[in-house]
Amino acid sequence: MKKKIGLYIHVPFCLKKCLYCSFYSEPVRPEQLLVREYVEALNIEIKRAADRADEKEIGTIYMGGGTPTLLSAQQLASLLENLNRHFHLLDDIEFTVEANPGTIDREKASILRTYGVNRISLGMQAAQDHLLSLIGRVHTYESTLRSYEMIKEAGFENVNVDLMYGLPRQTTKEWLHTLKEAVRLDPDHISAYSLFLEEATPLAVQHKRGETALPSEEEEELMYDQTEDILPSRGFSRYEISSYAKPQKECIHNQIYWLNEEYTGLGAAAFSYADRCREKNINRVTEYLFRIFSDQSAKDWQERLSLENEMGETMMMGLRMKRGVRFSYFKDRFGQDLLQVFGQEIAYLQELGLVGMDEESVFPTGKGFRYNNAVGREFVGRQG
Ligand code: SF4
């Protein structure tokens, strides 16, 4: 039987960098030659990777960034056509493309549908323009609404909206309003992230200089509670720390990461994971182009995980999900008994009320969801 894996395709371009963003992406104009060359190079990498993945079937594709929908309709079509032509995509594939409001139009939405994309993740973030502008987003709430409508008109039946709380000057009233607006759109999935100030991002620098006021810890806790109150009461159940879904609409691709399973990443800065080996493609687009066009590997580095590392990471990631880690899954995958390997850590976390256990699995409690970093640290701390 062929092995089923996920594919991640990175499009490292944005119209403008958001002030909090630490992902690798370059601000570009969509018509720039660099963008055209990147699509050409990515098509070459797609073909090469497909030749190597002869024995594998693709169960999920996630095209993220950056802003994939900044590509023209023709560029999107050429990437999608190549993915369809070269890889063995399963009939029930989940195929997601990330879209930013204002960068998707009817033509692009229809091209995505035509080539089998069946899930869109839209970066709404907030329903207040002054907040969007404070974090450097290029769109308005009005453009979120227009983009959402276009996506629905194109026939997408699986749509996620991304939201962020803990934004500069955001009030709990505003967050509540954002949650209600997102629910009113009636998506299938909502991801609600708290803003994390990554060092050296413009927003972190502003904050250090005292130029940006963030919500207090109490306010942020309240926003967390509001999320927990509103979304489940409107039919979105929380299945991962930041992810809420209507029934059967959990993101399948992201579960590959949380299960710590195999995926192939293509494009500049993309990660891959297989056979206990993590690899990353080179960041800089120009270097990526040079490597691909001169028939060299785009890999920047790779690290091989020990069995202990992989077991620890599998626990750390698995305990992000409500369902946690099943004993049978752990045994089948590693040939070892979960409680024999991690019995001490689990007992400690149980004592703290961060994880629970039944006869099938170990899983995070409500408190464990809230303090998930503390849960994860118990397992990756063992890595040498
Ligand atoms: S759109 Fe996304 S990837 Fe691009 S700068 Fe903003 S947060 Fe970063």
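Residues numbered from 1 in each chain as written. Predicted model: local features only at pLDDT ≥ 70, side-chain atom pairs only at ≥ 80, totals over all residues. Heavy atoms only, no water.

Here we look at the overall build of the protein chain
Check the secondary structure of the protein chain and you find 15 helices and 17 strands. Relative to the globule expectation of 21 Å for 384 residues, the C-alpha radius of gyration of the protein chain, 21 Å, shows essentially globular dimensions. With 384 residues in all, the protein chain has 54% of them scored as buried. Put simply, of all contacts in the protein chain between residues at least 6 apart along the chain, 70% involve residues at least 24 apart. Element-wise, carbon and sulfur atoms account for 49% of the exposed surface of the protein chain, whose accessible area totals about 17,600 Å². Once the 46 positive and 58 negative side-chain charges of the protein chain are each reduced to a mean point, those two points are 2 Å apart. (Helix = DSSP H or I, 4+ residues; strand = E, 2+ residues; numbered from the N terminus. Rg over C-alpha atoms; globule rule 2.2 N^0.38 Å. Buried < 20%, exposed > 50% of the residue type's maximum accessible area, 1.4 Å probe, protein only. Contact = heavy atoms within 4.5 Å. Areas by Shrake-Rupley, 256 points an atom, 1.4 Å probe, with all protein chains shown as cover. Lys, Arg positive; Asp, Glu negative; His and termini not counted. Charge placed at Lys NZ, Arg CZ, Asp CG, Glu CD.)

Description of the layout of surface pockets
In this approach the atoms are scanned with a rolling probe the size of a water molecule, which exposes any empty space left behind. For the second largest pocket, the calculated volume is near 420 Å³. Along the wall of the second largest pocket there are 21 residues; nearest its centre are K4, I5, I256, E261 and E262. At the level of secondary structure, the elements contributing two or more residues to the lining of the second largest pocket comprise β1 (3-11), β4 (56-65), α9 (252-258), β12 (271-274) and α12 (327-334). A total of 4 residues in the lining of the second largest pocket trace back to one element, the largest contributor, which is β1. (1 Å grid on protein atoms, 1.4 Å probe; cavity = no way out; pocket = protein on both sides within 12 Å on 5 of 7 lines; lining within 4 Å. Points joined across faces, edges and corners; volume = space filled by probe spheres on them.)

Observations regarding the site of the ligand
Near the ligand you find C14, K16, K17, C18, Y20, C21, S25, G65, G66, T67, N100 and R137, and these make up its full shell. Taken together, the residues of the shell around the ligand break down into 4 nonpolar, 5 polar and 3 charged. (Near = heavy atom within 4 Å. Nonpolar A, V, L, I, M, F, W, Y, C, P; charged D, E, K, R; others polar.)

Focus on the side chain of Q226
In this fold, Q226 is placed in helix α8 (residues 217-233). If we skip the residues at most four places from it in the chain, Q226 touches T172, W175, L176 and L179.

A look at the sheet that holds strand β17 (residues 361-364)
Ordered in space as β15-β17-β16, the 3 strands form an open sheet in which the pairing is antiparallel. Both outer strands of the open sheet, β15 (325-326) and β16 (355-357), are each paired with one neighbouring strand and no more. Relative to β17, β16 runs antiparallel, the two sharing 3 bridges. Following the sheet pairing, M357 is matched in β17 by V362. (Pairing = 2+ DSSP bridges.)

Considerations on the domain arrangement of the protein chain
Entries for the protein chain in the domain assignment read domain 1 (3-258) and domain 2 (325-379). Centre-to-centre, using C-alpha coordinates, domain 1 lies 30 Å away from domain 2. Tallying the contact residues gives 6 residues for domain 1 and 5 residues for domain 2. Taken together, both faces of the contact between domain 1 and domain 2 bury some 520 Å²; the carbon and sulfur share is 51%. Sorting the residues of domain 1 by area buried against domain 2 places E221, Y224 and I241 first, and these three jointly supply 71% of that buried surface. Linking domain 1 with domain 2 are 2 salt bridges. The salt bridge partner of R370 is E221, with a shortest N-O separation of 3.1 Å. Applying the counting criterion to the domain 1 and domain 2 interface returns 3 residue pairs in polar contact (both at pLDDT 80 or more). When residues of the side of domain 1 that touches domain 2 are assigned to their parent elements, the largest contribution, 3 residues, is made by α8. (Domains from an automatic or database assignment. Buried area = accessible area lost by both parts, 1.4 Å probe. Salt bridge = Lys/Arg side-chain N within 4 Å of Asp/Glu carboxyl O. Polar contact = N/O pair within 3.5 Å; in protein donor to acceptor, adjacent residues only side chain to side chain.)

A word on the nonpolar core
Within the largest apolar cluster, 75 residues are counted, with the highest numbers of intra-cluster contacts made by F13, I61, M63, L83, F87, L112 and Y288. A per-element tally of this core places helix α1 (residues 33-52) first, with 9 residues. Once you skip the residues sitting within four places of it in the chain, I61 turns out to touch L7, I9, L83, L89, I93, E94, F95, T96 and H253. F327, V341, I346 and L354 belong to the second-largest nonpolar core, a separate cluster that totals 17 residues. (Core = buried A, V, L, I, M, F, W, Y, C linked by side-chain atoms within 4.5 Å.)

Some remarks on the pattern of salt bridges
A side chain of one charge can pair with a side chain of the opposite charge if their charged atoms are brought near each other. Tallied over the full model, the rule gives 23 salt bridges. Between R106 and E153 there is a salt bridge whose closest N-O contact spans 2.9 Å. Remark: E153 occurs in helix α5 (residues 141-153) and R106 occurs in helix α3 (residues 106-114); sequence separation between them is 47 residues. The class of R106 is exposed, set by a relative accessible area of 52%. Look at E153 and you get partly exposed, because its relative accessible area is 49%. Salt bridges sharing partners connect three or more residues here, namely K3, K56 and E262.

What about helix α13 (residues 338-351)?
At Q344, α13 is deflected by roughly 50°, the largest bend along its length. Listed in full, the buried residues belonging to α13 are L338, V341, F342, E345, I346 and L349. In this structure, the buried residues of α13 make contact with α11 (307-318), β15, α12, β16, β17 and α15 (372-380). Where α13 ends, the next residue or the one after it, G353, has phi of about 75°, a positive value. (Bend = angle between axes of the 7 residues up to and from the residue.)

Regarding the packing of α11 against α12
With their axes 12 Å apart at the nearest point, α11 and α12 run at an angle of 160° to one another. Classified by the angle their axes make, α11 and α12 are roughly antiparallel. For the pair α11 and α12, the sense of crossing is right-handed. Contacts from L307, E310, M311, T314 and M315 in α11 reach Y329, F330, R333 and F334 in α12. Within the contact of α11 with α12, the residues separate by chemical class into 6 nonpolar, 1 polar and 2 charged. (Axes fitted to C-alpha atoms, helices over the stretch in contact; angles between N-to-C directions. Parallel < 35°, antiparallel > 145°, perpendicular 65-115°, else oblique. Left-handed = near helix turned anticlockwise from the far one by under 90°.)

Things to note about the packing of α1 against helix α2 (residues 73-86)
Packing of α1 against α2 leaves a shortest axis separation of 9 Å and a crossing angle of 5°. Comparing their axes, α2 and α1 come out roughly parallel. For the pair α1 and α2, contact is made by V35, R36, V39, L42, N43, I46, K47 and A50 and by Q75, S78, L79, N82, L83 and H86, respectively. Looking at the contact of α1 with α2 residue by residue, the class counts come to 7 nonpolar, 5 polar and 2 charged.

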